[in-house]
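What follows is the residue order along each chain.
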Amino acid sequence: MNYRILFLSLSLLYFSCQSSKNEINVEDIFLSWELEENNAQPNQSHTAKFTITNSGKTFLHPDWEIYFNTVFLSVNPKSLDENILVEHLSGDFFRIKPTLDFPLLRPDQSYSFSYQSDNFLVKNSHAPNRIFMVFGEEEMGHPINNYTVKEFSLGELYKMAEGTSLPIPVGRNLFEQSKGLTLLTKREFSPIIPTPKSLEWSEGELEISGDFGISFEEEFSKEADFLINRLKSTFTGKVSAKTSSDALIQIKKNPSIKNTEGYQLEISDNIQIQANHPKGVFYAVQSLLALLPVDNFKEPQTELIVPKIKIVDEPRFPYRGLFLDVARNFQTKEAVMKLLDLMAFYKLNVFHFNLVNDEGWRIEIPGLPELIDVGSKRGFSRDEKNFLWPYYGSGPDYENSPNGTGYYSISDFEEILKYAHDRHIEVIPELGVPGHSRAAIIAMRKRYHDKKDNDMDAALEYLLEDFEDRSEYLSAQNFRGNTLCICQESTYNFYEKIVDEMIARYQSAGVPLNTFHTGGDEVPHGAWSASPVCADFISKNEGIDSIEDLTNYFYRRVNKIFEDRGLQVAGWEEIGQKMVKENGKEVSRPNPEFADKNFRVYAWNSVAGWGGEDMAYQLANAGYEVIVCNSSNIYFDLAYNMDPDEPGHQWSGYVDLNTSWRTVPLNHFISNEKDMYGRPIDPVELAKGKVKLDERGKKNIKGIQGQLWTETVKGQDMMEYFLLPKMLGLVERAWAVDPSWTSIENTENRIAEREKDWNRFANAVGQREIPRLDYLFGGFNVRLPKPGTLVHDGLMHVNVETPGLIIRYTKNGTEPDMNSPEYSAPMPIEGNTKVRVFTPAGHAGETSTCLQKDN
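In this report, we go over the structure that sits alongside the text. (Residues numbered from 1 in each chain as written. Predicted model: local features only at pLDDT ≥ 70, side-chain atom pairs only at ≥ 80, totals over all residues. Heavy atoms only, no water.)

**A closer look at the overall build of the protein chain**
And step 1. A count of helices and strands for the protein chain gives 22 helices and 35 strands.
And step 2. Over its C-alpha atoms the protein chain spans a radius of gyration of 29 Å, differing by no more than 12% from the 29 Å that the globule rule assigns to 855 residues.
And step 3. Principal-axis analysis of the C-alpha atoms gives the protein chain an extent of 110 × 75 × 60 Å.
And step 4. By sequence separation, contacts in the protein chain at least 24 residues apart represent 74% of the contacts at least 6 residues apart.
And step 5. With an accessible surface of roughly 34,900 Å², the protein chain has 47% of that area assigned to carbon and sulfur atoms.
And step 6. With 89 positive and 123 negative side-chain charges, the protein chain shows a spacing of 2 Å between the two charge centroids. (Helix = DSSP H or I, 4+ residues; strand = E, 2+ residues; numbered from the N terminus. Rg over C-alpha atoms; globule rule 2.2 N^0.38 Å. Contact = heavy atoms within 4.5 Å. Areas by Shrake-Rupley, 256 points an atom, 1.4 Å probe, with all protein chains shown as cover. Lys, Arg positive; Asp, Glu negative; His and termini not counted. Charge placed at Lys NZ, Arg CZ, Asp CG, Glu CD.)

See the structure below:
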């Protein structure tokens, strides 16, 4: 046999089956996706189908690959077609690859293939997204613009969930949730959110027109200037600093006010502000601005009209935080600064800034340019060597990826620090280790390979991995190789370097840095287990006998780094935990080694019904300083509800305005009445065997913080949508006094009193806060609720979760707009009636459809 001829023949056959990108126009490729099966019980699963169509004039050979993103697919999807492989690559990044037996697609020919995954899909946004195609061995991804998803409706999801308790938000369920709400008069609810500690109404209003002055003591000059500048954007008259005692607005020092953030605001024939610290004056200014009519925020008015009122106020918690992740999806400097303005207006005082993660490094570090040259960019490559893969649908082109590519320069970051400091907001940077570190690992790997031939010492100086490590693990976000090698000195060189550079940024900005967040969460099981470097390290170090001992060693080293620099160590709850065996099971318990060592832990993993509802209290009682970050109530990246068109996560349930508002930081057992599956929670049963706060523990609860992780958040509009209005519930719980209903032991009585309180808060949001947010700081993309609908005895009843918003309807199946009639009372149902919520400015929410039957 002539093997040379056979080889030549096979080679010609192979090359004849290659699709040249010059011959194939990706615009001629059509791809569709649809859900075939979706099972909620007894075991969750879904089956979906792709159909690829060649609408071009040339053959499509099987030398293509299709890449896509989705967080909501198992890492081992089962292809139901022997000619197709569906592979998990990393994180949310997947590949579809045809086998050699995949047929050539002739012009106008289609091919369908299915796969199966072990999860129930509830969101249209959870379908594969940002599809692109790669041909042969090229390094370029070509977006498939002709990609369609066959979406499923709310009604279809409702049918899929039949027989379950899943909280599907159809019209009647939304109506049921808000049936106890009534429209209140303006003086039946607080004119300010967060609700002040003490508020006394007086008769009448103070009407201000023309020019006027503000007098103040010198130590309050910055806050006075802030007020003058804010009033310029709301008022056409001239407002100026004044030294005389007859100034219309007078800012005075009152040493009897002990809380540095406390203040008194009295409006009668003039406006008196008293405080003992600039922070107190600043919050009094925010309250005064919040009393202005909404029209003043729309455009400057000729008058300032405020109610006559006396407020005595101070915050419940000294720490009132908001966390923003910009690593997974980037936000611009301008978006961050607008968010800081919003935080200040609502009296939040800590900005927890997550700057790095597996999916991105977002801060410039002098001396380590690879961190931004590699770690801040996302796009397609074969080996993820020069930049990261395009996680979270950031697209194949790293130069055209506004959510995937981006970082803050030194000047950007220092500007953010100054901007926050001027608003009395502390910025706590999070540069997390040892897990969630893939971006840093890849960047320092690139540094190693670039330097090793000329300077091996420099190449090794900041290396973060053991090249011989064969440990097998998968992180919570489905990454491999995302954990630093904590057994080699170069890792500590690296961390000291970035800590020192961050300290330098604060010093240059003239802003104090007191606390540094080290991350520490979700270190995957199995990390370091097959690392020769770690095996050697353990064998040579007394007191370190196993892999399990490495975590304590790591945090002793980290603590020393921060102690030497006068900084407090902070991290997620895991840095204060250790695994112990109880009743034959491994459980997390407070680690005594770092208790009473000034460690601050952020307690987050409190999914209702999962058993960790008391972890914050265990840690606080053990001596850790604790920030309450309950995932089930104040993780704002969780979807508002189960509507398939509502974007967001669902792993810890669903979070809307009411969910965040009803969180009880010191008694989480009564924060939720149902779990994420809609099953009732008995708070008495939930609390059995769980730890309650003791007196020491109560002192260690320093505050509360809401979180916005950004896997599903792409761009500023989506950030604002996820935050507002649900963030206002956090605002209320962080500042306002603990409501009286939290101390009522009887569940039925407690809920009754809570619902009265909720009615007042919901009215404040619907009548004042949301309308103002249309204009505040240029306006925010606030999510408006769908109206609840109920047909009973031939009449259509409609309500909304925030009374005061406008409900409009149509009866002919068209979308309601600002010209549609306003709903005011139950009315006969006719045909295909649609209802929709509006703000006075015309901002509209999603539509509910009400048919001639009970819905």
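**Considering the environment of Ser-652**
And step 1. Within the fold, Ser-652 resides in the loop between α16 (631-634) and α17 (657-661).
And step 2. Overall, the relative accessible area of 3% leaves Ser-652 in the buried class.
And step 3. For Ser-652 and Lys-159, which are 493 residues apart along the polypeptide, the C-alpha to C-alpha distance reads 23 Å.
And step 4. If we ignore the near neighbours within four places in the chain, the residues touching Ser-652 are Val-607, Ser-631, Ser-632, Leu-638 and Met-676.
And step 5. Side chain to side chain, Ser-652 and Ser-631 meet in a polar contact 2.9 Å long. (Buried < 20%, exposed > 50% of the residue type's maximum accessible area, 1.4 Å probe, protein only. Polar contact = N/O pair within 3.5 Å; in protein donor to acceptor, adjacent residues only side chain to side chain.)

**Things to note about unusual backbone geometry**
Negative phi characterises most residues that are not glycine, and trans characterises most peptide bonds.
And step 1. In this model, Ile-193 is joined to Pro-194 through a cis peptide bond whose omega is 5 degrees.
And step 2. Turning to its location among the elements, Pro-194 is positioned in the loop between α3 (171-177) and β11 (198-209).
And step 3. The omega torsion across Leu-724 and Pro-725 is 10 degrees, close enough to zero to call that bond cis.
And step 4. When you line up the elements, Pro-725 lands in the loop between α20 (716-723) and α21 (727-735).
And step 5. Residues other than glycine seldom take positive phi values, yet Arg-130 does so here, at roughly 50 degrees.
And step 6. Tracing the sequence through the fold places Arg-130 in strand β8 (residues 129-135).
And step 7. We note that Tyr-392 has phi near 55 degrees; this positive angle belongs to a residue other than glycine.
And step 8. In this structure, Tyr-392 sits in the loop between α8 (370-373) and α9 (410-422).

**A look at the state of the cysteines**
And step 1. What the rule picks out here adds up to one disulfide.
And step 2. Considering cysteine sulfurs only, Cys-534 is the nearest to Cys-485, which forms no disulfide, with 4.1 Å between them. (Disulfide = S-S within 2.5 Å.)

**Quick word on the packing of aromatic side chains**
Geometrically, a pair of aromatic rings is defined through the distance of the ring centres and the angle of the planes.
And step 1. Counted under the stated rule, the structure contains 51 aromatic pairs.
And step 2. Each residue in the set Phe-330, Phe-351, Phe-353, Tyr-408, Phe-413 and Tyr-506 is aromatic and connected to the rest through ring pairs, giving one cluster.
And step 3. Sitting over the ring of Tyr-492, Arg-557 keeps its end group 4.0 Å from the ring centre.
And step 4. Just above the ring of Tyr-640 sits the side chain of Arg-783; from NZ or CZ to the centre is 4.4 Å. (Phe/Tyr/Trp six-rings, centres within 6.5 Å; stacked < 30°, edge-to-face > 60°. Lys NZ or Arg CZ within 6 Å of the ring centre and 35° of its normal.)

**Focus: the sheet that holds strand β1 (residues 29-39)**
Paired through their backbone hydrogen bonds, the strands of a sheet run either parallel or antiparallel.
And step 1. Spatially, the five strands line up as an open sheet ordered β4-β7-β2-β1-β10, and their pairing is mixed. On the outer flanks of this sheet lie β4 (78-79) and β10 (147-150), each paired with one strand and no other.
And step 2. Sheet analysis places β4 next to strand β7 (residues 109-117), joined by two bridges and oriented antiparallel. Bridge pairing in β7 links Ser-79 to Tyr-115. (Pairing = 2+ DSSP bridges.)

**A few points about the side chain of Ser-117**
And step 1. Structurally, Ser-117 can be placed in strand β7.
And step 2. Here the side chain of Ser-117 touches Ser-74 through a polar contact of 3.0 Å, landing on its backbone nitrogen.
And step 3. Setting aside its immediate chain neighbours within four residues, Ser-117 contacts Ser-45, His-46, Leu-73 and Ser-74.

**A look at helix α13 (residues 532-540)**
And step 1. Within α13, burial applies to Cys-534, Phe-537 and Ile-538. Looking straight down α13, one finds its buried side chains confined to an arc of 95 degrees; they lie on one side. Residues of α13 that are exposed and point more than 90 degrees away from the buried face comprise Ser-539 and Lys-540.
And step 2. Structurally, α13 contributes buried residues whose contacts are with α14 (550-564). (Arc of directions from axis to C-beta.)

**A look at α9**
And step 1. Look at α9: 19 Å from first C-alpha to last across 13 residues, which is about the 18 Å you get at 1.5 Å a residue.
And step 2. The set of residues buried in α9 consists of Asp-412, Phe-413, Glu-414, Ile-416, Leu-417 and Ala-420.
And step 3. Buried positions along α9 lie against α7 (333-345), β19 (350-354), β22 (426-433) and α12 (489-509).
And step 4. Downstream of α9 by a residue or two, His-424 has a phi angle that is positive, lying close to 60 degrees. (Expected span 1.5 Å × (residues − 1).)

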